[in-house]
Amino acid sequence: MKKTIYIIGSGFSSLSAACYLAKAGNDVIVLEKNNTVGGRARQYKNQGFTFDIGPTWYWMPDVFERFFGEFGKKPSDFYELEKLNPGYQVYFSELESILISGNLYEIYEVFEKEEPGSSIHLKEFLSAAKYNYDVAINDLVYKPGVSPLELITPVTIKKVHQFFTTIRKQVRKKIKNKKLLQILEFPVLFLGAKPSNTPAFYNFMNHADFGLGTWHPKGGMYMVVEAMKSLAVSLGVQFETATTVQEICVDATGTTIGVIANGNYRASDIVVSGADYHHSETLLPTKYRQYSEKYWNKKIFAPSSLLFYVGFDKKLENVSHHTLFFDTDFDVHAQAIYDTPKWPEKPLFYASFPSITDNSFAPKGKEAATFLIPLAPGLEDTEELREKYFNIIIERLEKLTNQEVKSSVIFKKSYCVNDFIKDYNSYKGNAYGLANILTQTAFLRPNIKSKKVKNLFFTGQLTVPGPGVPPSLISGKIVSDLIIKSYK
Ligand SMILES: Cc1cc2nc3c(=O)[nH]c(=O)nc-3n(C[C@H](O)[C@H](O)[C@H](O)COP(=O)(O)OP(=O)(O)OC[C@H]3O[C@@H](n4cnc5c(N)ncnc54)[C@H](O)[C@@H]3O)c2cc1C
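Residues numbered from 1 in each chain as written. Predicted model: local features only at pLDDT ≥ 70, side-chain atom pairs only at ≥ 80, totals over all residues.

1. What about the overall build of the protein?
- Looking only at helices and strands, the protein features 15 helices and 19 strands.
- For 488 residues, the compact-globule estimate of 2.2 N^0.38 gives 23 Å, and the protein sits close to it at 22 Å.
- Along the first, second and third principal axes, the C-alpha atoms of the protein reach 65 × 55 × 45 Å.
- Put simply, the protein has 488 residues, and 50% of those count as buried.
- Considering only residue pairs separated by 6 or more positions, the protein has 72% of its internal contacts joining residues 24 or more positions apart. (Helix = DSSP H or I, 4+ residues; strand = E, 2+ residues; numbered from the N terminus. Rg over C-alpha atoms; globule rule 2.2 N^0.38 Å. Buried ≥ 20, exposed ≤ 12 C-beta atoms within 10 Å, placed from the backbone. Contact = placed C-beta atoms within 7 Å.)

2. Examining unusual backbone geometry
- Cis peptide bonds are those with omega within 30 degrees of zero, and the linkage from Asn85 to Pro86 qualifies with 5°.
- With respect to the helices, strands and loops of the structure, Pro86 is situated in the loop between strand S5 (81–83) and strand S6 (88–93).
- Cis geometry is adopted by the peptide bond preceding Pro465, which originates at Val464 and carries an omega value of -5°.
- When you line up the elements, Pro465 lands in the loop between strand S19 (456–458) and helix H15 (469–486).
- Unusually for a residue other than glycine, Asn262 sits at a positive phi of about 45°.

3. Thoughts on the site of the ligand
- Around the ligand sit 37 residues in total, of which Gly9, Gly11, Gly39, Pro55 and Gly460 are the nearest.
- Of all the secondary-structure elements, those providing two or more residues to the shell around the ligand are helix H1 (12–23), strand S14 (304–312) and H15.
- A per-element tally of the shell around the ligand places H1 first, with three residues.
- If you count residues domain by domain, the shell around the ligand takes at least three from each of domain 1 (4–80 + 219–298 + 434–486) and domain 3 (300–424). (Near = placed C-beta within 6 Å. Domains from an automatic or database assignment.)

4. Things to note about the sheet that holds strand S17 (residues 367–375)
- Overall, mixed pairing links the seven strands, which are arranged S7-S6-S15-S16-S17-S14-S18 in an open sheet. Looking at which strands have only one partner, the edges of the open sheet turn out to be strand S7 (96–100) and strand S18 (409–415). Between one strand axis and the next, the sheet turns through 20° on average, direction left out of account.
- As defined by bridge partners, S6 adjoins strand S15 (residues 322–325) across three bridges and the pair is classed as parallel. Each bridged residue has a counterpart across the sheet, and for Tyr91 the counterpart in S15 is Phe325. (Pairing = 2+ DSSP bridges. Axes fitted to C-alpha atoms, helices over the stretch in contact; angles between N-to-C directions.)

5. Concerning the domain arrangement of the protein
- What the domain assignment reports for the protein is domain 1 (4–80 + 219–298 + 434–486), domain 2 (105–209) and domain 3 (300–424).
- Contact with domain 2, which involves five residues of that partner, is made by eight residues of domain 3.
- Counted by class, the side of domain 2 that touches domain 3 contains two nonpolar, two polar and one charged residues. (Nonpolar A, V, L, I, M, F, W, Y, C, P; charged D, E, K, R; others polar.)

6. Some remarks on helix H2 (residues 61–69)
- Within the span of H2, buried status applies to Val63, Phe64, Phe67 and Phe68. Taken down its axis, H2 places every buried residue within 125° of arc, on the same side.
- Elements that come into contact with the buried residues of H2 comprise H1 and H15. (Arc of directions from axis to C-beta.)

7. Here's the deal with the nonpolar core
- Within the largest apolar cluster, 145 residues are counted, with the highest numbers of intra-cluster contacts made by Ile7, Ala18, Val28, Phe349 and Phe371.
- If near-sequence neighbours (up to four positions away) are discounted, Val28 is found in contact with Ile5, Ile7, Ala18, Leu21, Ala22 and Val237. (Core = buried A, V, L, I, M, F, W, Y, C linked by C-beta atoms within 7 Å.)

8. Some points on the pairing of S14
- Extensive coverage of S14 is indicated by the burial of nine of its nine residues.
- Every second residue of S14 is oriented toward a common face, with Ser304, Leu306, Phe308, Val310 and Phe312 on one face and Ser305, Leu307, Tyr309 and Gly311 on the other, all of them buried.
- Judged from the nine bridges that link them, S14 and S17 form a sheet pairing that is antiparallel. Each residue of the ladder has a partner; that of Leu306, found in S17, is Ile373.
- Sheet topology places S14 next to S18; six bridges connect them, and they run antiparallel. By the bridge assignment for S18, Tyr309 is matched with Lys413.

9. Re the pairing of strand S13 (residues 270–273)
- Here S13 shows two buried faces, one formed by Ile270 and Val272 and the other by Val271 and Ser273.
- With four bridges connecting them, strand S1 (residues 4–8) and S13 associate as parallel partners. Across the sheet, the residue bridging to Ile7 is Val272, located in S13.
- With three bridges joining them, S13 and S19 adopt parallel strand pairing. Bridge assignment links Val272 to a residue of S19, and that residue is Phe457.

Okay, structure coming up:
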């Protein structure tokens, strides 16, 4: 039967849920507090430059194809995709970097050059990673996380040991070269936890990296947001921006009856919240919240970040579209994120220069750059600290890539913990949700369906399956399937 459904927030998970729920014949209205849709993936423009505010890596293209395919569409109906070559570049010291090709055979060659014999181990490792990717995509990630039994299949039983060893131990078994190890440990950082705390089964992210490659939607990740919004509108979804939900209303029987948004009561049969889970529960009377502050405080969150969006007055040298600066000790930085939260003394950082491959990002002869330093959520965030770290990374960039860039900065805009809290109601200013470690996987993540309030559901990077754009698309499908099945 047709239902009226309010969706709180317009991030990727909400956009995905909106499409599926509208296709099933429901009246769907998306309520977004910000002025534009997309959540953490909004866009910032300044002086002819364009920046993706959040995600910049387009990985797992098969997940996007599957999403659009379920509506009889293809990504190419909405945006143009290019496979990046090199996929990315990693700096280890001054002018010493490794280019990760878009071609797997060239990656084998690079490994062989760094450590003779390592390409054989890499081939074996990637074959196991591909197997796990297929298992994850076919058997695991589309499950609602309501029961541990979902994880038990004839295939996963054989892989159970991989949940009790870590990706760090696994990659170190046969490959010894420090640079190669850092490259192999990098993909699981997308899951929000340390490689030493991430089950080896998650090596499927290495297949996503080397096997499937790094892609770029022309115009940036925001094109994916626009694509999903336009699909949603074509299915009848209504969008209301600058509309803050202040309360999720519950009647005397413990059933949600709608929301209060911008001070007005709006009746609905079902509410789905794609806003950060912790914040969503604060919209309920205390007795209807499933998780206490103590619960959230004990959880391992994915990092927050300090970001800079910078317009340069010239083209930069010796950098690639995606460039990682791993020239300082990864473990020491990771400790400052996860073990003893503090600003890192020698931060690793990531930089994106999309105008290298896509001239829509910057005026001719200029470069658009986004810099990101991962940080512990909840850190003190001041202008002075932001400025201090801008100078640190710009000096490092200059030294490592052998060029002067500071005098070419036309403008810079920073974004950090306080902005994540203000813009997204993010718990402690986390950037990418709840980390995917063993104790926070599948049915051990916050429930997709409220156990205390009837007709209330959750979606997004704090519930199943986890952080990242592809998982958010999947999360929207999982919640919609559950709703459609429950109200048939
Ligand atoms: C800096 C950064 C870099 C990233 N890089 C990558 C990457 O390269 N590749 C990748 O795959 N992933 C990346 N991610 C992760 C990815 O962007 C997220 O996992 C994904 O976008 C989360 O989507 P979501 O739907 O869960 O939530 P969100 O995008 O957070 O959407 C939630 C929405 O709810 C709204 N909201 C909150 N409270 C209310 C309220 N009370 N009323 C109304 N609306 C409300 C918020 O404004 C927001 O729009 C990155 C994230 C960040 C922050």
